[in-house]
Amino acid sequence: MEILDGKALSDKIKTDLKTQSETLKKKGVVPALAVILVGDDPASQTYVNTKEKACNAVGITSIMHRVCSSTSEEEVLKIIDSLNKNPEVDGILVQLPLPKHIDTSKVIEAISPDKDVDGFHPFNVGRLVAGMDGFVPCTPFGVMKLLEAYGINVRGMDACVIGASNIVGKPMMNLLLNASATVEVCRSSTKNLKEHTLRADLIVVGVGKINLLTSDMVKEGAIVVDVGINRNEEGKIVGDVDFANVAPKCSYITPVPGGVGPMTIAMLLTNTIKSASRRQK
Ligand code: GUN
């Protein structure tokens, strides 16, 4: 069994990105990411703070818009409009989830596809489905980079994705399809989930349920990627996989923390530098 070390790989990627941002700066382009956080959800605040620190570490300017939870949809759309028009902003990220009075789809569609470093705009979603270049959502993008770095080619593999969200499951399905895997998408409510997972050479799970994937659900030699982030009764961060019992059966497995999480951040920075590289001085 080998650990897929997302922390180590993300550190290496960030070192490369720092060099790229320094090169861009010499050409007069200062890469910049704008982040909009509506409200004070503690998890979202933590994620946004982590993103801000990561930007600073690689020389990307982070422009923070922290607004209160009662901010109107119109106000959020106005902020996005001004960021779309600002030539010095390369990426725009609206932290999700948004308060209920704000229409998430409307907000995502308001972001210029050229600055959509989350890859959530239907323009970029469509390009991913069609196998065309565009911005790819950071978490599934990070999973693919992690597999690639360990020389894992998914071509011909039976892959089982558990979770069908727009942020993780659906783009994960498309990336695996584009890489010539055979893909099944399940959810925590799938009947006889075990029947599906037992067939899989590769399992990617991200639904937010502690111990959803147990050792009896995993075939010997499978690759397991855990996208879950949960806090257990002791306050420790754990994934969706019963790691202690599943790991001995795997050829490769990601830990939580230190697996997919740091890769997500590294891909956000990668997408921002990609956007900045396109900018004409
Ligand atoms: N909330 C949870 N994950 C994400 C993400 O990748 N991007 C944004 N914008 N919000 C999120």
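Use the structure listed above.
Conventions and cut-offs
Residues numbered from 1 in each chain as written. Predicted model: local features only at pLDDT ≥ 70, side-chain atom pairs only at ≥ 80, totals over all residues. Heavy atoms only, no water. Near = heavy atom within 4 Å. Polar contact = N/O pair within 3.5 Å; in protein donor to acceptor, adjacent residues only side chain to side chain. Areas by Shrake-Rupley, 256 points an atom, 1.4 Å probe, with all protein chains shown as cover. 1 Å grid on protein atoms, 1.4 Å probe; cavity = no way out; pocket = protein on both sides within 12 Å on 5 of 7 lines; lining within 4 Å. Sits in = over half its atoms within 2 Å of the grid points. Nonpolar A, V, L, I, M, F, W, Y, C, P; charged D, E, K, R; others polar. Core = buried A, V, L, I, M, F, W, Y, C linked by side-chain atoms within 4.5 Å. Buried < 20%, exposed > 50% of the residue type's maximum accessible area, 1.4 Å probe, protein only. Helix = DSSP H or I, 4+ residues; strand = E, 2+ residues; numbered from the N terminus.

K.L.:
Before we go on, may I ask you to explain the site of the ligand in this structure?
P.N.:
Taken together, Leu93, Val94, Gln95, Leu96, Asp118 and Phe120 make up the full set of residues near the ligand. With respect to the ligand, the backbone of valine 94 contributes an N or O atom lying 2.8 Å from a nitrogen atom. Protein coverage of the free-state accessible area of the ligand, which is 280 Å², stands at 83%. With respect to the detected pockets, the ligand is housed in the largest pocket. A per-class count over the shell around the ligand returns four nonpolar, one polar and one charged.

K.L.:
Even after reading the chapter, I still don't get the nonpolar core, so can you show me in this structure?
P.N.:
If you look at the biggest cluster of nonpolar residues, it comprises 50 residues, and the most contacted ones within it are Leu33, Leu147, Leu176, Leu202, Val225 and Leu269. Take this core: its biggest share by element is nine residues, from helix α10 (residues 260–278). In this structure, Cys186, Ala200, Leu212 and Ala222 belong to the second largest nonpolar core, which totals 18 residues.

K.L.:
What exactly am I supposed to notice about unusual backbone geometry here?
P.N.:
Trans is the prevailing form of peptide bonds, just as negative phi is the prevailing case for residues other than glycine. The linkage connecting leucine 96 with the following residue, proline 97, adopts the cis geometry, with an omega of 0°. By the element assignment, proline 97 lies in the loop between β4 (91–94) and α4 (104–110). That bond from valine 256 to proline 257 is cis: its omega, -5°, falls within 30 degrees of zero. In this structure, proline 257 sits in the loop between β11 (252–253) and α10. The phi dihedral of asparagine 192 falls on the positive side, at around 45°, and the residue is not glycine. Positionally, asparagine 192 belongs in the loop between β6 (182–186) and α8 (193–197).

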